[in-house]
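# Topology and contacts: notes
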Amino acid sequence: MQDIFWGIDVAQLIFAGIMIMILVGFATWGYRTRGRIERLEEIVAKRDFRELEPEGYEEESMVDAFSEGARLEAEEQLARERDIVEHS
């Protein structure tokens, strides 16, 4: 004779249903968030941020301090400062 444990089966079905509802909830939240982000990106892409920069603003060069380019830039700056001191 085969015993059937309906309690375990019903509990597993309830658990699976709750997990599916959570999955659907996260998927819905993800799609809505992605839509909001895309709308914000469109709004930001249309704006001209140059108007916020002060007059004569120059963006800093993005050179790594440990790279050869940074070393060369520092040497050039030092040579220019040395020339200014010598000629003044």
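Keep in mind the model is a prediction, meaning the values are calculated, not measured. (Residues numbered from 1 in each chain as written. Predicted model: local features only at pLDDT ≥ 70, side-chain atom pairs only at ≥ 80, totals over all residues. Heavy atoms only, no water.)

## Digging into the overall build of the protein
On a plain count of helices and strands, the protein comes out with 2 helices and 0 strands. Buried residues in the protein amount to 1% of all 88 residues. As displayed, the protein has an accessible area near 9,000 Å², and 61% of this comes from carbon and sulfur atoms. (Helix = DSSP H or I, 4+ residues; strand = E, 2+ residues; numbered from the N terminus. Buried < 20%, exposed > 50% of the residue type's maximum accessible area, 1.4 Å probe, protein only. Areas by Shrake-Rupley, 256 points an atom, 1.4 Å probe, with all protein chains shown as cover.)

## What about the pattern of salt bridges?
By the definition in use, this model includes 1 salt bridge. For Arg80, the salt bridge goes to Glu76, with nearest N and O atoms at 3.6 Å. One end of the pair, Arg80, and the other, Glu76, are both in helix H2 (residues 68-87), 4 residues apart, so they sit about a helical turn from each other. (Salt bridge = Lys/Arg side-chain N within 4 Å of Asp/Glu carboxyl O.)

## Structural notes on a nonpolar patch on the surface
Together, Val10, Ile14, Phe15, Ile18, Met19, Met21, Ile22, Phe26 and Trp29 line one region of the surface with nonpolar side chains, adding up to about 960 Å² of accessible area. Along the chain, Ile14 falls in helix H1 (residues 6-46). The class of Ile14 is exposed, set by a relative accessible area of 51%. (Patch = residues over 30% accessible without salt bridge, like charges linked within 9 Å, V, L, I, M, F, W, Y side chains within 5 Å.)

## Thoughts on the environment of Arg80
The exposure class assigned to Arg80 is partly exposed, which follows from its relative accessible area of 44%. Of note is the side chain of Arg80, whose polar atom sits 2.8 Å from the side chain of Gln77. (Polar contact = N/O pair within 3.5 Å; in protein donor to acceptor, adjacent residues only side chain to side chain.)

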